Amino acid sequence: MNNLMDLSISPGLLISLIIVVIGVLIISKGLVIVRQSEVMVIERLGSFHRVLESGINIIIPFIEQPRAITMLRYRKMGEDYTAITSDEIRIDRRETVMDFPGQPVVTTDNVTVRINGALYYQIIDPKRAVYEVENMSQAVEVLAKTTLRSVVGKMELDKLFESRAEVNNEIQAAMEEPASKWGVKISRVEVQDIAMPEEVESAMRLQMAAERKRRATVTEAEGEKSAAIAMAQGQRESAILNAQGDKESAILRAQGEQESIKLVLSAIGDSEENKRTVVGYLLGQSYIKGLPNMAKDGERVFVPYESSALLGSMGMFREMAGSPEDTVANHLKNRNSSEGGFRSGIVGGATAS
(Lines give C-alpha, C1' and ligand atoms only; values in the text may rest on other atoms or scores of the structure.)
Protein backbone atom coordinates (compact mmCIF):
# COMPACT_ATOMS: atom_id res chain seq x y z
CA MET A 1 0.00 0.00 0.00
CA ASN A 2 2.79 2.41 0.86
CA ASN A 3 4.54 1.56 -2.39
CA LEU A 4 1.40 2.40 -4.33
CA MET A 5 1.07 5.75 -2.56
CA ASP A 6 4.67 6.56 -3.25
CA LEU A 7 4.18 5.66 -6.93
CA SER A 8 1.08 7.84 -7.33
CA ILE A 9 2.69 10.97 -6.04
CA SER A 10 5.99 10.43 -7.74
CA PRO A 11 7.13 13.68 -9.44
CA GLY A 12 8.23 11.88 -12.57
CA LEU A 13 4.88 10.24 -13.01
CA LEU A 14 3.10 13.50 -12.44
CA ILE A 15 5.21 15.22 -15.07
CA SER A 16 4.57 12.37 -17.49
CA LEU A 17 0.85 12.62 -16.97
CA ILE A 18 0.96 16.36 -17.52
CA ILE A 19 2.93 15.88 -20.75
CA VAL A 20 0.46 13.27 -21.99
CA VAL A 21 -2.49 15.50 -21.25
CA ILE A 22 -0.85 18.44 -22.99
CA GLY A 23 -0.06 16.22 -26.00
CA VAL A 24 -3.66 15.04 -26.21
CA LEU A 25 -4.87 18.62 -26.05
CA ILE A 26 -2.41 19.70 -28.69
CA ILE A 27 -3.42 16.84 -30.94
CA SER A 28 -7.13 17.48 -30.40
CA LYS A 29 -6.71 21.20 -31.04
CA GLY A 30 -4.22 20.87 -33.84
CA LEU A 31 -5.95 18.12 -35.79
CA VAL A 32 -8.76 19.63 -37.89
CA ILE A 33 -11.02 17.65 -40.21
CA VAL A 34 -12.71 19.76 -42.88
CA ARG A 35 -15.70 18.27 -44.62
CA GLN A 36 -16.35 18.27 -48.35
CA SER A 37 -17.48 21.65 -49.83
CA GLU A 38 -16.21 23.48 -46.71
CA VAL A 39 -13.08 25.55 -46.04
CA MET A 40 -11.55 27.32 -43.06
CA VAL A 41 -9.60 30.55 -43.03
CA ILE A 42 -6.60 30.22 -40.64
CA GLU A 43 -4.85 33.17 -39.01
CA ARG A 44 -1.42 32.98 -37.39
CA LEU A 45 -0.99 35.48 -34.59
CA GLY A 46 -3.88 37.57 -36.00
CA SER A 47 -2.76 37.63 -39.65
CA PHE A 48 -4.02 35.59 -42.55
CA HIS A 49 -1.96 32.48 -43.02
CA ARG A 50 -3.76 29.94 -45.20
CA VAL A 51 -7.06 28.32 -46.18
CA LEU A 52 -7.74 24.76 -45.08
CA GLU A 53 -9.36 22.63 -47.75
CA SER A 54 -11.43 19.48 -47.23
CA GLY A 55 -9.66 16.58 -45.53
CA ILE A 56 -7.33 16.19 -42.51
CA ASN A 57 -5.33 19.30 -41.61
CA ILE A 58 -2.95 20.13 -38.74
CA ILE A 59 -2.65 23.55 -37.16
CA ILE A 60 -0.61 24.90 -34.28
CA PRO A 61 -2.94 25.40 -31.33
CA PHE A 62 -3.03 28.82 -29.67
CA ILE A 63 -0.87 30.23 -32.47
CA GLU A 64 -3.06 29.45 -35.46
CA GLN A 65 -6.76 30.11 -35.10
CA PRO A 66 -9.69 29.85 -37.57
CA ARG A 67 -11.29 33.14 -38.53
CA ALA A 68 -15.08 33.16 -38.31
CA ILE A 69 -17.37 34.62 -40.94
CA THR A 70 -20.63 36.36 -40.06
CA MET A 71 -23.69 34.98 -41.83
CA LEU A 72 -27.21 36.41 -41.90
CA ARG A 73 -30.14 34.11 -42.55
CA TYR A 74 -33.89 34.51 -42.43
CA ARG A 75 -36.31 32.07 -40.90
CA LYS A 76 -39.91 32.32 -42.03
CA MET A 77 -42.46 32.03 -39.24
CA GLY A 78 -45.95 32.37 -40.68
CA GLU A 79 -46.04 35.59 -42.66
CA ASP A 80 -43.05 37.15 -40.89
CA TYR A 81 -39.33 36.68 -41.40
CA THR A 82 -36.92 36.50 -38.46
CA ALA A 83 -33.28 37.48 -39.04
CA ILE A 84 -30.69 35.16 -37.49
CA THR A 85 -27.02 36.19 -37.34
CA SER A 86 -24.30 33.63 -36.61
CA ASP A 87 -20.47 33.46 -36.62
CA GLU A 88 -19.24 30.36 -38.43
CA ILE A 89 -15.65 29.16 -38.68
CA ARG A 90 -16.52 26.71 -41.42
CA ILE A 91 -17.32 28.45 -44.68
CA ASP A 92 -19.74 26.63 -46.96
CA ARG A 93 -18.75 26.91 -50.61
CA ARG A 94 -21.94 25.41 -51.97
CA GLU A 95 -24.62 27.49 -53.67
CA THR A 96 -26.77 29.14 -51.04
CA VAL A 97 -30.26 30.59 -51.36
CA MET A 98 -31.27 33.76 -49.51
CA ASP A 99 -35.03 34.26 -49.32
CA PHE A 100 -35.24 37.83 -48.07
CA PRO A 101 -38.54 39.50 -47.06
CA GLY A 102 -40.67 41.50 -49.48
CA GLN A 103 -39.57 45.04 -50.22
CA PRO A 104 -41.75 48.03 -51.15
CA VAL A 105 -40.81 49.29 -54.61
CA VAL A 106 -42.25 52.25 -56.54
CA THR A 107 -42.67 51.79 -60.29
CA THR A 108 -42.26 54.55 -62.85
CA ASP A 109 -46.05 55.11 -62.94
CA ASN A 110 -46.05 55.78 -59.16
CA VAL A 111 -47.52 52.46 -58.03
CA THR A 112 -46.09 50.97 -54.84
CA VAL A 113 -45.73 47.21 -54.98
CA ARG A 114 -44.19 44.74 -52.58
CA ILE A 115 -41.74 42.32 -54.17
CA ASN A 116 -40.51 39.14 -52.55
CA GLY A 117 -37.36 37.72 -54.11
CA ALA A 118 -34.84 34.93 -53.74
CA LEU A 119 -31.09 35.24 -54.29
CA TYR A 120 -28.74 32.38 -55.15
CA TYR A 121 -25.06 32.99 -54.47
CA GLN A 122 -21.83 31.04 -53.94
CA ILE A 123 -18.60 31.91 -52.08
CA ILE A 124 -15.74 31.54 -54.54
CA ASP A 125 -12.91 33.22 -52.62
CA PRO A 126 -13.22 32.63 -48.84
CA LYS A 127 -10.37 35.05 -48.05
CA ARG A 128 -12.14 37.99 -49.71
CA ALA A 129 -15.46 36.99 -48.18
CA VAL A 130 -13.87 37.28 -44.73
CA TYR A 131 -11.55 40.25 -45.10
CA GLU A 132 -13.07 42.44 -47.83
CA VAL A 133 -16.49 42.94 -46.22
CA GLU A 134 -17.68 42.92 -42.63
CA ASN A 135 -20.87 40.93 -43.08
CA MET A 136 -20.87 39.25 -46.46
CA SER A 137 -24.44 37.92 -46.47
CA GLN A 138 -25.91 41.19 -45.27
CA ALA A 139 -23.93 43.11 -47.87
CA VAL A 140 -25.24 40.82 -50.62
CA GLU A 141 -28.81 41.22 -49.35
CA VAL A 142 -28.65 45.02 -49.23
CA LEU A 143 -27.08 45.08 -52.68
CA ALA A 144 -29.90 42.89 -54.03
CA LYS A 145 -32.59 45.12 -52.50
CA THR A 146 -31.13 48.37 -53.80
CA THR A 147 -30.57 46.89 -57.26
CA LEU A 148 -34.15 45.60 -57.26
CA ARG A 149 -35.51 49.06 -56.48
CA SER A 150 -33.34 50.60 -59.17
CA VAL A 151 -34.40 48.15 -61.89
CA VAL A 152 -38.11 48.07 -61.04
CA GLY A 153 -38.24 51.85 -60.67
CA LYS A 154 -37.55 52.14 -64.40
CA MET A 155 -40.56 50.03 -65.39
CA GLU A 156 -44.31 50.48 -65.48
CA LEU A 157 -46.55 48.11 -63.55
CA ASP A 158 -47.90 46.30 -66.62
CA LYS A 159 -44.42 45.75 -68.02
CA LEU A 160 -43.19 44.49 -64.64
CA PHE A 161 -45.59 41.54 -64.79
CA GLU A 162 -44.62 40.78 -68.38
CA SER A 163 -40.84 41.11 -67.89
CA ARG A 164 -39.94 39.10 -64.80
CA ALA A 165 -37.15 37.30 -66.63
CA GLU A 166 -35.79 40.64 -67.82
CA VAL A 167 -35.87 42.00 -64.26
CA ASN A 168 -34.02 38.93 -62.97
CA ASN A 169 -31.31 39.22 -65.61
CA GLU A 170 -30.79 42.96 -65.02
CA ILE A 171 -30.48 42.50 -61.24
CA GLN A 172 -27.99 39.67 -61.67
CA ALA A 173 -25.90 41.64 -64.16
CA ALA A 174 -25.86 44.70 -61.88
CA MET A 175 -24.75 42.64 -58.84
CA GLU A 176 -21.98 40.63 -60.46
CA GLU A 177 -19.24 43.28 -60.38
CA PRO A 178 -19.59 44.46 -56.74
CA ALA A 179 -20.20 40.93 -55.48
CA SER A 180 -17.04 39.65 -57.19
CA LYS A 181 -14.97 42.03 -55.03
CA TRP A 182 -16.23 40.14 -51.99
CA GLY A 183 -15.36 36.74 -53.47
CA VAL A 184 -19.03 35.95 -54.11
CA LYS A 185 -20.65 34.75 -57.34
CA ILE A 186 -24.30 35.65 -57.96
CA SER A 187 -25.83 32.62 -59.67
CA ARG A 188 -29.33 33.97 -60.29
CA VAL A 189 -32.04 36.19 -58.87
CA GLU A 190 -35.71 35.26 -58.87
CA VAL A 191 -38.71 37.54 -58.28
CA GLN A 192 -41.12 35.26 -56.44
CA ASP A 193 -44.18 37.36 -55.72
CA ILE A 194 -45.48 40.85 -56.51
CA ALA A 195 -48.13 42.21 -54.16
CA MET A 196 -50.16 45.27 -55.16
CA PRO A 197 -52.56 47.57 -53.28
CA GLU A 198 -56.19 46.43 -53.33
CA GLU A 199 -57.42 49.41 -55.36
CA VAL A 200 -54.77 48.82 -58.03
CA GLU A 201 -55.60 45.12 -58.14
CA SER A 202 -59.32 45.89 -58.54
CA ALA A 203 -58.58 48.33 -61.35
CA MET A 204 -56.45 45.72 -63.12
CA ARG A 205 -59.26 43.18 -62.83
CA LEU A 206 -61.71 45.62 -64.42
CA GLN A 207 -59.18 46.40 -67.14
CA MET A 208 -58.66 42.70 -67.78
CA ALA A 209 -62.42 42.08 -67.99
CA ALA A 210 -62.83 45.00 -70.42
CA GLU A 211 -59.97 43.73 -72.55
CA ARG A 212 -61.45 40.24 -72.72
CA LYS A 213 -64.86 41.70 -73.65
CA ARG A 214 -63.22 43.77 -76.38
CA ARG A 215 -61.44 40.70 -77.75
CA ALA A 216 -64.72 38.76 -77.73
CA THR A 217 -66.47 41.58 -79.60
CA VAL A 218 -63.67 41.77 -82.17
CA THR A 219 -63.71 38.01 -82.62
CA GLU A 220 -67.49 38.00 -83.06
CA ALA A 221 -67.29 40.86 -85.58
CA GLU A 222 -64.58 39.05 -87.53
CA GLY A 223 -66.72 35.92 -87.55
CA GLU A 224 -69.75 37.83 -88.86
CA LYS A 225 -67.55 39.48 -91.48
CA SER A 226 -66.20 36.13 -92.65
CA ALA A 227 -69.73 34.69 -92.74
CA ALA A 228 -71.02 37.66 -94.77
CA ILE A 229 -68.12 37.35 -97.21
CA ALA A 230 -68.71 33.63 -97.59
CA MET A 231 -72.45 34.20 -98.13
CA ALA A 232 -71.78 36.90 -100.71
CA GLN A 233 -69.32 34.66 -102.52
CA GLY A 234 -71.88 31.83 -102.48
CA GLN A 235 -74.61 34.10 -103.86
CA ARG A 236 -72.25 35.38 -106.52
CA GLU A 237 -71.29 31.88 -107.61
CA SER A 238 -74.95 30.81 -107.52
CA ALA A 239 -75.96 33.79 -109.68
CA ILE A 240 -73.18 33.00 -112.15
CA LEU A 241 -74.24 29.37 -112.38
CA ASN A 242 -77.90 30.34 -112.76
CA ALA A 243 -77.01 32.83 -115.49
CA GLN A 244 -74.95 30.20 -117.29
CA GLY A 245 -77.83 27.74 -116.98
CA ASP A 246 -80.33 30.31 -118.33
CA LYS A 247 -77.97 31.11 -121.18
CA GLU A 248 -77.55 27.47 -122.16
CA SER A 249 -81.29 26.88 -121.76
CA ALA A 250 -82.12 29.87 -123.97
CA ILE A 251 -79.62 28.69 -126.56
CA LEU A 252 -81.12 25.20 -126.57
CA ARG A 253 -84.68 26.60 -126.85
CA ALA A 254 -83.61 28.85 -129.71
CA GLN A 255 -81.95 25.94 -131.45
CA GLY A 256 -85.09 23.83 -130.99
CA GLU A 257 -87.33 26.55 -132.40
CA GLN A 258 -84.94 26.99 -135.30
CA GLU A 259 -85.06 23.27 -136.09
CA SER A 260 -88.87 23.35 -135.76
CA ILE A 261 -89.20 26.21 -138.24
CA LYS A 262 -86.84 24.48 -140.66
CA LEU A 263 -88.91 21.29 -140.49
CA VAL A 264 -92.19 23.19 -141.11
CA LEU A 265 -90.72 25.10 -144.05
CA SER A 266 -89.23 21.96 -145.54
CA ALA A 267 -92.66 20.32 -145.26
CA ILE A 268 -94.82 23.08 -146.80
CA GLY A 269 -92.27 24.91 -148.91
CA ASP A 270 -89.90 27.75 -148.25
CA SER A 271 -91.63 30.52 -150.22
CA GLU A 272 -91.94 33.98 -148.70
CA GLU A 273 -95.68 33.64 -148.15
CA ASN A 274 -95.24 30.30 -146.40
CA LYS A 275 -92.51 31.76 -144.21
CA ARG A 276 -94.79 34.59 -143.11
CA THR A 277 -97.61 32.17 -142.45
CA VAL A 278 -95.43 29.90 -140.33
CA VAL A 279 -93.98 32.81 -138.37
CA GLY A 280 -97.45 34.19 -137.71
CA TYR A 281 -98.66 30.82 -136.57
CA LEU A 282 -95.75 30.36 -134.16
CA LEU A 283 -96.25 33.86 -132.74
CA GLY A 284 -99.93 33.26 -132.29
CA GLN A 285 -99.27 29.96 -130.59
CA SER A 286 -96.86 31.60 -128.13
CA TYR A 287 -99.36 34.41 -127.55
CA ILE A 288 -102.16 31.98 -126.80
CA LYS A 289 -99.92 30.06 -124.37
CA GLY A 290 -99.29 33.28 -122.48
CA LEU A 291 -102.98 34.22 -122.13
CA PRO A 292 -103.67 32.00 -119.07
CA ASN A 293 -100.97 33.83 -117.12
CA MET A 294 -102.79 37.12 -117.71
CA ALA A 295 -105.86 35.84 -115.84
CA LYS A 296 -104.12 34.55 -112.71
CA ASP A 297 -104.58 37.68 -110.60
CA GLY A 298 -107.95 38.84 -111.98
CA GLU A 299 -111.42 37.67 -112.92
CA ARG A 300 -111.56 39.41 -116.32
CA VAL A 301 -109.31 38.96 -119.32
CA PHE A 302 -108.95 41.69 -121.97
CA VAL A 303 -107.93 40.25 -125.33
CA PRO A 304 -106.16 42.78 -127.57
CA TYR A 305 -107.59 43.57 -130.98
CA GLU A 306 -104.54 42.15 -132.74
CA SER A 307 -105.28 38.69 -131.36
CA SER A 308 -108.22 38.33 -133.73
CA ALA A 309 -105.89 38.79 -136.67
CA LEU A 310 -103.57 36.14 -135.28
CA LEU A 311 -106.43 33.74 -134.74
CA GLY A 312 -107.63 34.45 -138.28
CA SER A 313 -104.23 33.71 -139.75
CA MET A 314 -104.05 30.50 -137.76
CA GLY A 315 -107.49 29.49 -139.03
CA MET A 316 -106.48 30.31 -142.60
CA PHE A 317 -103.37 28.25 -142.19
CA ARG A 318 -105.46 25.30 -141.04
CA GLU A 319 -107.85 25.69 -143.97
CA MET A 320 -104.99 25.78 -146.48
CA ALA A 321 -102.81 23.02 -145.19
CA GLY A 322 -104.74 21.49 -142.36
CA SER A 323 -102.28 22.44 -139.64
CA PRO A 324 -98.51 22.81 -139.54
CA GLU A 325 -98.28 19.83 -137.21
CA ASP A 326 -100.27 17.63 -139.57
CA THR A 327 -98.30 18.81 -142.61
CA VAL A 328 -94.97 18.11 -140.91
CA ALA A 329 -96.19 14.78 -139.63
CA ASN A 330 -97.38 13.68 -143.08
CA HIS A 331 -94.15 14.84 -144.67
CA LEU A 332 -92.03 12.99 -142.13
CA LYS A 333 -94.24 9.93 -142.40
CA ASN A 334 -93.82 9.76 -146.17
CA ARG A 335 -90.06 10.26 -145.87
CA ASN A 336 -89.66 7.70 -143.13
CA SER A 337 -91.75 5.16 -145.09
CA SER A 338 -89.40 5.48 -148.02
CA GLU A 339 -86.43 5.00 -145.69
CA GLY A 340 -88.09 2.13 -143.82
CA GLY A 341 -88.08 3.95 -140.46
CA PHE A 342 -90.12 6.16 -138.22
CA ARG A 343 -89.06 9.59 -136.92
CA SER A 344 -90.67 12.21 -134.72
CA GLY A 345 -90.21 15.98 -134.47
CA ILE A 346 -91.15 18.92 -132.34
CA VAL A 347 -92.84 21.89 -134.00
CA GLY A 348 -93.28 25.10 -131.98
CA GLY A 349 -93.07 23.17 -128.70
CA ALA A 350 -95.72 20.52 -129.74
CA THR A 351 -94.87 16.84 -130.24
CA ALA A 352 -95.63 15.23 -133.60
CA SER A 353 -95.36 11.57 -134.46
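Our subject is the structure that appears above.
Everything quoted here is computed from the prediction, not taken from an experiment.

A few words on the nonpolar core. The tendency in soluble globular proteins is for nonpolar side chains to be buried as a group. Core analysis: the largest hydrophobic core is formed by 40 residues, its most contacted members being Val113, Ile115, Leu119, Met136, Val167, Met175 and Ile186. Ranked by residues supplied to this core, first place goes to helix α4 (residues 136-152) with eight residues. When residues no more than four places from it in sequence are discounted, the contact partners of Val113 are Gln103, Pro104, Val105, Thr107, Leu157, Leu160, Ile194, Ala195 and Met196. Core analysis: the next-biggest nonpolar cluster, separate from the first, contains six residues, Val32, Val34, Leu52 and Ile59 among them.

Where α4 meets helix α6 (residues 164-180), the axes come as close as 9 Å, and the angle between the chain directions of the two elements is 135 degrees. Classified by the interaxial angle, the pair formed by α4 and α6 is oblique. Relative to α6, the crossing made by α4 is right-handed. Judged by residue contacts, Val140, Leu143, Ala144, Thr147, Leu148, Val151 and Val152 of α4 engage Val167, Glu170, Ile171, Ala174, Met175, Pro178 and Ala179 from α6. Among the residues forming the contact of α4 with α6, the class breakdown is 12 nonpolar, one polar and one charged.

This paragraph deals with empty space enclosed by the protein. Inspection of the entire model under this criterion finds one cavity of 30 Å³ or more. If you trace the largest cavity, you find it lined by Phe100, Gly117, Ala144, Leu148, Ile171, Val189, Glu190 and Val191. Mapped by element, the contributors of at least two residues to the lining of the largest cavity are α4 and β11 (184-195). For the lining of the largest cavity, a count of residues per class yields six nonpolar, one polar and one charged.

Glancing now at the sheet that holds strand β9 (residues 96-106). As summarised here, the arrangement of the three strands in space is β9-β10-β11, forming an open sheet in which the pairing is antiparallel. Where the open sheet ends on each side, the last strands, each with one partner, are β9 and β11. Recorded for the sheet is a direction-independent mean angle of 25 degrees between the axes of neighbouring strands. Where strand β10 (residues 112-123) lies against β11, 10 bridges are found, and the strand directions are antiparallel. Following the sheet pairing, Tyr120 is matched in β11 by Arg188. Most of the contacts of α4 go to β9, to which it runs at about 40 degrees, and overall it touches β9, β10 and β11.

What counts, and at which threshold
- Residues numbered from 1 in each chain as written.
- Predicted model: local features only at pLDDT ≥ 70, side-chain atom pairs only at ≥ 80, totals over all residues.
- Heavy atoms only, no water.
- Core = buried A, V, L, I, M, F, W, Y, C linked by side-chain atoms within 4.5 Å.
- Buried < 20%, exposed > 50% of the residue type's maximum accessible area, 1.4 Å probe, protein only.
- Helix = DSSP H or I, 4+ residues; strand = E, 2+ residues; numbered from the N terminus.
- Contact = heavy atoms within 4.5 Å.
- Axes fitted to C-alpha atoms, helices over the stretch in contact; angles between N-to-C directions.
- Parallel < 35°, antiparallel > 145°, perpendicular 65-115°, else oblique.
- Left-handed = near helix turned anticlockwise from the far one by under 90°.
- Nonpolar A, V, L, I, M, F, W, Y, C, P; charged D, E, K, R; others polar.
- 1 Å grid on protein atoms, 1.4 Å probe; cavity = no way out; pocket = protein on both sides within 12 Å on 5 of 7 lines; lining within 4 Å.
- Points joined across faces, edges and corners; volume = space filled by probe spheres on them.
- Pairing = 2+ DSSP bridges.

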